[in-house]
Amino acid sequence: MKGRAAGILLPISSLPSPYGIGTLGKEAYRFVDQLAEAGQKYWQVLPVGPTSFGDSPYQSFSAFAGNPYFIDLDFLIQKGWITKEDVMSCDWGDNPADVDYAKLYKGRFMILHKAYHASKISKEKKYQSFVKKNAFWLEDYSLYMALKGYFGGKEWLAWEESIRMCRKEAVAHYKTLLADEVQFWSFCQFQFFSQWHHLKKYANKRGIKIIGDIPLYVALDSADVWRYGDLFELDERKKPIHVAGVPPDCFSEDGQLWGNPLYDWKKMEKKNFSWWAKRMASNADLYDVIRIDHFIGIVNYWSVPADSKTAVDGTWRKGPGEKLTKVIRKATKGSDIIAEDLGVVGKNVRRLIKKTGWPGMKILQFAFDSGSGNEYLPHNLSSRNCIIYGGTHDNETLAGYFCSRTQKQTKFARQYLNVKKNQELPGAILRAGYASIADTAIFQMQDILELDNTARMNLPSTVGTNWRWRMLPGQFAPEHRKRLKKYCTLYRR
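Presented here is an overview of the structure given in this document. Since this is a predicted model, take the numbers as computed values, not measurements. In this numbering scheme, every chain counts its residues from 1 along its sequence in written order. Owing to the predicted nature of the model, reporting of local features is limited to residues with pLDDT of at least 70; listing and counting of side-chain atom pairs is limited to 80 or more, with chain, interface and lining totals taken over all residues. Derived side-chain values reflect all non-hydrogen atoms in the structure, with water molecules and hydrogen atoms excluded from consideration.

1. As for the overall build of the protein
Note the threshold: Here a helix means four or more residues in a row that DSSP labels H or I, a strand means two or more in a row labelled E, and each is numbered from the N terminus. Radius of gyration: over C-alpha atoms. The globule rule applied is 2.2 Å multiplied by the number of residues raised to the 0.38 power. Each residue gets one of three labels from its accessible area relative to the maximum for its type: buried under 20%, exposed over 50%, partly exposed in between, using a 1.4 Å probe on protein chains only. Contacts were defined at the residue level, with two residues in contact if any of their heavy atoms lie within 4.5 Å. The Shrake-Rupley method, run with a 1.4 Å probe, gives the accessible areas here. Residue values count only the displayed protein chains as cover.
In terms of regular secondary structure, the protein is built from 19 helices and 12 strands. Computed over the C-alpha atoms, the radius of gyration of the protein is 23 Å, within 12% of the 23 Å expected from 2.2 N^0.38 for a compact globule of 493 residues. Based on the C-alpha atoms only, the size of the protein along its principal axes is roughly 70 × 55 × 40 Å. Looking at the protein as a whole, 58% of its 493 residues qualify as buried. Look at the contacts in the protein between residues 6 or more apart in sequence, and 76% of them connect residues 24 or more apart. Entry remark: accessible area of the protein is about 21,800 Å², with carbon and sulfur atoms responsible for 52%.

In structure tokens, the structure reads:
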């Protein structure tokens, strides 16, 4: 990611849409055009995998699959597989600024099933080619999703024992029994990836690169852990022994207990990290730039006994480090990587990031709470090789953040940014990020629009109200694009 540039963080789910959630349809193409108009070079999205309980894109049913929620229904209408009346007969929710996941789940798959049955997809050569090319993950994922439906949506640990343990005869039996439903899930993946690559091609032609985001860990309730249990820290009954999280810090006395099963790094190394190589190659095909979430876990990670109620009882353990980053570099064939290095960053983490040459992250929202020596303040950046953000999807919006700071903190921020009112701080931080020496500046759409915390994307360690914000049609207005273009020109981005 050499050279000065700027971009916007906006999840696919947050795009405007009449169908309850953002999709890969016309609003995605319109947003690409708006990015180009605003002088931007990057569009950063959150993970695009199929979401499970809690709707978090960081807890997906597969490390390889795409989210069926993002399939553009208008395209299916154009194909003649469904009608506009079919689509509009569903209740997609009554708030265009919010994703109602319960209603979405009920309506979306009913429509997709109807499209699948009308498509006669098995006869299409492009579909056949897609299935063959992606067989190494697609067969497992499609069977997994069919099995989830068969067993009433329960996670795989609650399934009948023979299939829970992936015994060959059971796998063969259910493949036959659920053949039509298995093909439905493959149909959904074909539609997602076809639409995704068409959009990516359009974005690249307009000079926009897509930054993807991959979680370090995968969800327990996933095809990956079910099928490749030997690569994770599971007991003989395939239940987790240790799970992932982060230790207590100034944000949480109990730390964060994520619950993801930990990798058995020794077994992975014996297999030359082949699963990771396939995962990274798949993501390199999907994105122009890959952001690895919780990169520090590759160096050392917080291991918590699976029966713990909080993350307090965890211990630090050594990760694979450079052995894995070498595999990642080879598998991605030189693709740009961003190392999300937020959290407890020791010398060993800094050493590895420096050795890879991958840029880390600097968060301006963290810059104003400890005086002029704060490492995130623009004047303290020691290298151009970094990505400067206003805030991330896990943070408050900039406007919301400064509503709850102390008088001392806001006074320092106003002095530093040379503004008189707290309301001016979000705009001033945007300008400071663009003016900084960082090669790349990326801001959340909510912060460009200067929205309060009602537009916050995620509050960590909570379930039920996250990942729901959507941008309204026309909300990213000409004046916003004009301001960004001005800053790009002024600061040579």
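2. Digging into the packing of aromatic side chains
Heads up, the rule is: When the centres of two rings from Phe, Tyr and Trp lie within 6.5 Å, Trp using its six-membered ring, the rings pair. Their planes under 30 degrees apart give stacked, over 60 give edge-to-face, and anything left gives tilted.
Summed over the entire model, instances satisfying the criterion amount to 53 aromatic pairs. With 5.6 Å between their ring centres and 70° between their planes, Tyr-105 and Phe-109 make a pair best called edge-to-face. Taken together, the residues Tyr-105 and Phe-109, both in helix α4 (residues 101-119) and 4 residues apart, mark about one turn of the helix. Residue classification places Phe-109 among the buried positions, given a relative accessible area of 15%. Ring centres of Phe-109 and Trp-185 lie 5.3 Å apart, and the angle between their planes is 55°; on these two criteria the pair is classed as tilted. Here Phe-109, found in helix α4, pairs with Trp-185, found in helix α9 (residues 179-205); they are 76 residues apart in sequence, far enough to count as distant.

3. A closer look at helix α1 (residues 26-37)
Put simply, the rule is: Given a helix with a known number of residues, its expected span is that number minus one, times 1.5 Å.
With 12 residues, α1 extends 17 Å from end C-alpha to end C-alpha; this agrees with the ideal 16 Å at 1.5 Å per step. Those residues of α1 that fall on the buried side of the exposure criterion are Glu-27, Ala-28, Tyr-29, Phe-31, Val-32, Gln-34 and Leu-35. On its buried face, α1 is in contact with β1 (5-9), β2 (42-44), α9, α18 (445-448) and α19 (478-490). Gly-39 sits one or two residues past α1 and shows a positive phi near 80°.

4. Looking at the environment of Met-457
In this structure, Met-457 sits in the loop between α18 and α19. With 253 residues separating them in the primary sequence, Met-457 and Asn-204 have C-alpha atoms 27 Å apart. Filtering out sequence-adjacent residues up to four positions away, Met-457 remains in contact with Pro-11, Ser-13, Ser-14, Leu-46, His-393, Gln-446, Asn-466, Trp-467, Arg-468 and Trp-469.

5. Notes on helix α14 (residues 347-356)
Condition: Our arc is simply the arc of the directions from the helix axis toward the C-beta atoms.
Among the residues of α14, those classed as buried are Val-349, Leu-352, Ile-353 and Thr-356. The buried residues of α14 all sit within an arc of 100° when viewed along its axis, so they share a single face. The exposed set on the far side of α14, more than 90 degrees from its buried face, consists of Lys-347, Arg-351, Lys-354 and Lys-355. Buried residues in α14 make contact with β7 (300-305), α13 (322-332) and β9 (336-339). Where α14 ends, the next residue or the one after it, Gly-357, has phi of about 80°, a positive value.

6. Some remarks on the side chain of Ser-17
Threshold: Counting of polar contacts relies on pairs of N or O atoms within 3.5 Å, with two restrictions inside protein: one atom must be capable of donating a hydrogen and the other of accepting it, and residues adjacent in sequence are counted only when both atoms are side-chain atoms.
With respect to the helices and strands, Ser-17 occurs in the loop between β1 and α1. From its side chain, Ser-17 meets the backbone nitrogen of Tyr-19 in a polar contact 3.0 Å long.

7. Some points on the state of the cysteines
Test applied: Working definition: a disulfide is two cysteine sulfur atoms within 2.5 Å of each other.
Inspection of every chain in the model, using the stated rule, returns 0 disulfides. With no disulfide of its own, Cys-188 lies 14 Å from the sulfur of Cys-90, the closest cysteine sulfur.

8. Remarks on empty space enclosed by the protein
Put simply, the rule is: Cavities and pockets are defined on a 1 Å grid built over the protein atoms alone: a cavity is a set of grid points where a 1.4 Å probe fits but cannot escape, while a pocket is an open set with protein on both sides within 12 Å along at least five of seven lines, and lining residues are those with an atom within 4 Å of any such point. Grid points are joined across faces, edges and corners, and a volume is the space filled by probe spheres set on the points. Residues were grouped as follows: Ala, Val, Leu, Ile, Met, Phe, Trp, Tyr, Cys and Pro as nonpolar; Asp, Glu, Lys and Arg as charged; and all remaining residues, including Gly, as polar.
Under the definition given, this model contains 4 cavities of 30 Å³ or more. Each pocket or cavity is described by its volume, and for the largest cavity that value is around 220 Å³. In this structure, the largest cavity is lined by 24 residues; those nearest its centre are Pro-47, Gly-49, Ser-62, Ala-63 and Pro-215. When residues of the lining of the largest cavity are assigned to their parent elements, the largest contribution, 4 residues, is made by helix α12 (residues 274-286). A breakdown of the residues in the lining of the largest cavity according to their chemical character gives 15 nonpolar, 6 polar and 3 charged. Its volume calculated, the second largest cavity comes out at about 120 Å³. Taken together, 17 residues form the lining of the second largest cavity, with Ser-13, Pro-47, Pro-57, Phe-70 and Tyr-101 sitting closest to its centre. In the lining of the second largest cavity, the residues fall into 12 nonpolar, 4 polar and 1 charged.

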